[in-house]
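What follows is the residue order along each chain.
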Amino acid sequence: MNTIVYDHTIAANQSWSGTVKRGQRLRIVDLEGQQAVDTLFYAAHNFGERYSAQDTLRAQGAAYIGKGTQLISNEGKVMLTVVADTCGRHDTSAGACSCEANTVRFGHHTRYMHACRENFLVEVTKHGMSKRDIVANINFFMNVPVEPDGRLAIVDGISAPGSYVELIAEIDVLCVISNCPQINNPCNGFNPTPVQVTIFDAA
Amino acid sequence: MTIISADKAAMIAANRRRYEELKAAGQGASKPLPLPPPSDRALANRLESNSVLQRETIPGGWYTTFALKRGEALRLLNTSGTPGVSILMWNADDTSERYNAGDTVKVQWSAELRKGRVLFSDMGRVMFSIVEDSCGAHDTLAGGSTPDSNAHKYGDASLRNTRENLVLGAGKHGLARRDVGPVITFFAPVAVDAEGRFVWRNDIVKAGDFVDLRAEMNLLVAISNCPHPFAPDKAFAPGSIEVSRFRAPTAKSDDLCRNATAEARRAFENTDPLFTMGAST
């Protein structure tokens, strides 16, 4: 049985956080397509243990997140496993946009535009954490190919409307999401749109 | 198919137009400078002894920390040709600001770090400039060794590793585990193949390779001398490295790293004001 225990639409540009218990599945749906979903995970009972992009990539020996990827914590523990993915490659090396980095990438006139790290900071501080706790995140539905010569670029989102990823929690986790507000590059098709999070009880 | 209103379509078109204009500007007048070839290894012998402020040999497997002021630089001299030296740095004046691997590769459109590139903080500022580099093969994607990676590679989780070294380095300055995030590993020729797998390029790192990192803000730096987890060494036997802190003039207006890209120029414009108006020097 797939019992829905939680269902929520994150409006364009907005943030969300919620707990996924061990054995539950988290589905993230890109409702309208081409929408980057910046995501962090923390062990629900010890926020000092959190998703580690470098541990995850090292452990799987490959540079992108996809079906079968085990998301590894900074303490070497499997936090979640990607069990379904209708999109393909997801990035975890390019980080989240910020007001400060936007000035460097797009010009000083972009300083006062909403950004993912604003969303992250608002959300983690609700749980007693601070900027120090914001680490390298996963960018679901964002495509950042790393070329054999090292070049990389954020290219147009490849996810179609209704694309989704599904993860099963191996421990209780706090999930923090920024529904990416970036309009200065193609990661959201220049048009941020809502995404849906659904949590299912153990099958 | 989602129906979008005329207003929204106009907004999307305006956003795309602004991006295309920025992209055109980036490829026109402010085109990135071509980067120089790797530094000559013999340059490593030519550090003026009167400019050296501190010098330390880090044995294989160990770590140390350095405090640098703006106007100083750090030389990592790979005397033994050991495969990988990981570092992590924090703004000494506000340690919540730290190295950001994502911005470093994203902003410069490249995971290939070499002479002329800069290392970014999470605040849109430059922490280190790579002012000399004889190796040009460094990893900022896959991270350093951990108890798990050593167990997997050497069958022994108790061996010294980068994660715990950096936790210790951070801890010696009152920082905690949560201050230890993604790292950069020098002398680690990790590439990504067409399938997305990591590959180690053999015969790139040589004994005598060095990197000079100029501090663009006051920094705390933790250095871990442990082999990269993808290095092909079968037995754990890292060699020592020599680290020097030395005087280095701040970046002038025609500086290579400052001018390599329009992005670097803007990042320096974000960094320089920390050192005006009587801020710490």
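Our structure is the block above this text.
Being a predicted model, the structure only gives us computed values, none of them experimental.

Draft legend 1. Inspection of the overall build of chain A at higher detail. A count of helices and strands for chain A gives three helices and 11 strands. Along the chain direction, N to C, the helices and strands of chain A fall in the order β-β-β-β-β-α-β-β-α-α-β-β-β-β. Computed over its C-alpha atoms, the radius of gyration of chain A comes to 16 Å, within 12% of the 17 Å expected for a compact globule of 203 residues. Taken over the C-alpha atoms alone, chain A extends approximately 50 × 40 × 35 Å along its principal axes. When burial is assessed residue by residue, chain A has 55% of its 203 residues classed as buried. A separation of at least 24 residues holds for 74% of the contacts in chain A among residues at least 6 apart in sequence.

Draft legend 2. Layout of the pairing of strand S11 (residues 195-200) of chain A. Residues and elements named next belong to chain A. Here strand S1 (residues 4-10) pairs with S11 via six bridges, running antiparallel. Each bridged residue has a counterpart across the sheet, and for Thr-9 the counterpart in S11 is Gln-196. With six bridges connecting them, strand S3 (residues 25-30) and S11 associate as antiparallel partners. Across the sheet, residue Val-29 finds its bridge partner in S11, namely Gln-196.

Draft legend 3. The arrangement of the interface of chain B and chain A in detail. Between chain B and chain A, the contact holds 46 residues from the first and 42 residues from the second. Listing elements by their share of the side of chain B that touches chain A, those giving two or more residues are helix H1 (6-27), helix H2 (101-107), helix H3 (147-154), strand S8 (190-192) and helix H6 (262-271) of chain B. A per-class count over the side of chain B that touches chain A returns 19 nonpolar, 13 polar and 14 charged.

Draft legend 4. Here's a closer look at the environment of B:Ser149. With respect to the secondary-structure elements, B:Ser149 resides in helix H3. The class of B:Ser149 is buried, set by 26 C-beta atoms lying within 10 Å. Separated by 92 residues in the primary sequence, B:Ser149 and B:Thr57 have C-alpha atoms spaced 25 Å apart. Every residue in contact with B:Ser149, bar those within four places of it in the chain, is listed here: A:Arg58 and B:Pro229.

Draft legend 5. Up close: the sheet that holds strand S9 (residues 163-169) of chain A. Residues and elements named next belong to chain A. If you trace the six strands from one edge of the open sheet to the other, you get S1-S11-S3-S9-S7-S6, paired in antiparallel fashion. Each having just a single partner strand, S1 and strand S6 (70-72) make up the two edges of the open sheet. Between one strand axis and the next, the sheet turns through 20° on average, direction left out of account. Direction of pairing for S3 relative to S9: antiparallel, over a ladder of six bridges. Among the inter-strand pairings, Arg-27 is bridged to a residue of S9, identified as Glu-166.

Draft legend 6. Molecular detail of the sheet that holds strand S5 (residues 118-120) of chain B. Residues and elements named next belong to chain B. Spatially, six strands are ordered S1-S12-S3-S10-S6-S5 in an open sheet, and the strand pairing comes out antiparallel. The sheet is open, and its two edges are formed by strand S1 (52-58) and S5, each paired on a single side. In this sheet, neighbouring strand axes are inclined to one another by 20° on average, regardless of whether the strands run parallel or antiparallel. In this structure, strand S3 (residues 72-78) lies alongside strand S12 (residues 241-247), joined through six bridges in antiparallel fashion. In the strand pairing of S12, Leu-74 is matched with Arg-245.

Draft legend 7. Representation of the pairing of S3(B) in the model. Residue and element names in this part refer to chain B. Burial within S3 is extensive, with seven of its seven residues counted as buried. Burial along S3 is two-sided: Glu-72, Leu-74, Leu-76 and Asn-78 and Ala-73, Arg-75 and Leu-77, pointing in opposite directions, are all buried. Sheet analysis places S3 next to strand S10 (residues 209-215), joined by six bridges and oriented antiparallel. Within S10, the position partnered with Arg-75 by the bridge is Asp-212.

Draft legend 8. Highlighting unusual backbone geometry. The backbone of A:Gln34 shows a phi angle near 55°, a positive value even though the residue is not glycine. For A:Gln34, the position within the fold is in the loop between S3 and strand S4 (37-43). Residue class for A:Gln34 comes out buried when judged on the 23 C-beta atoms lying within 10 Å of it. Despite not being glycine, B:Asp203 has its phi angle at roughly 60°, a positive value. A tally of 6 C-beta atoms within 10 Å means that B:Asp203 is categorised as exposed.

Procedures and definitions
Residues numbered from 1 in each chain as written. Chains lettered and ligands numbered in written order. Predicted model: local features only at pLDDT ≥ 70, side-chain atom pairs only at ≥ 80, totals over all residues. Helix = DSSP H or I, 4+ residues; strand = E, 2+ residues; numbered from the N terminus. Rg over C-alpha atoms; globule rule 2.2 N^0.38 Å. Buried ≥ 20, exposed ≤ 12 C-beta atoms within 10 Å, placed from the backbone. Contact = placed C-beta atoms within 7 Å. Pairing = 2+ DSSP bridges. Nonpolar A, V, L, I, M, F, W, Y, C, P; charged D, E, K, R; others polar. Axes fitted to C-alpha atoms, helices over the stretch in contact; angles between N-to-C directions.

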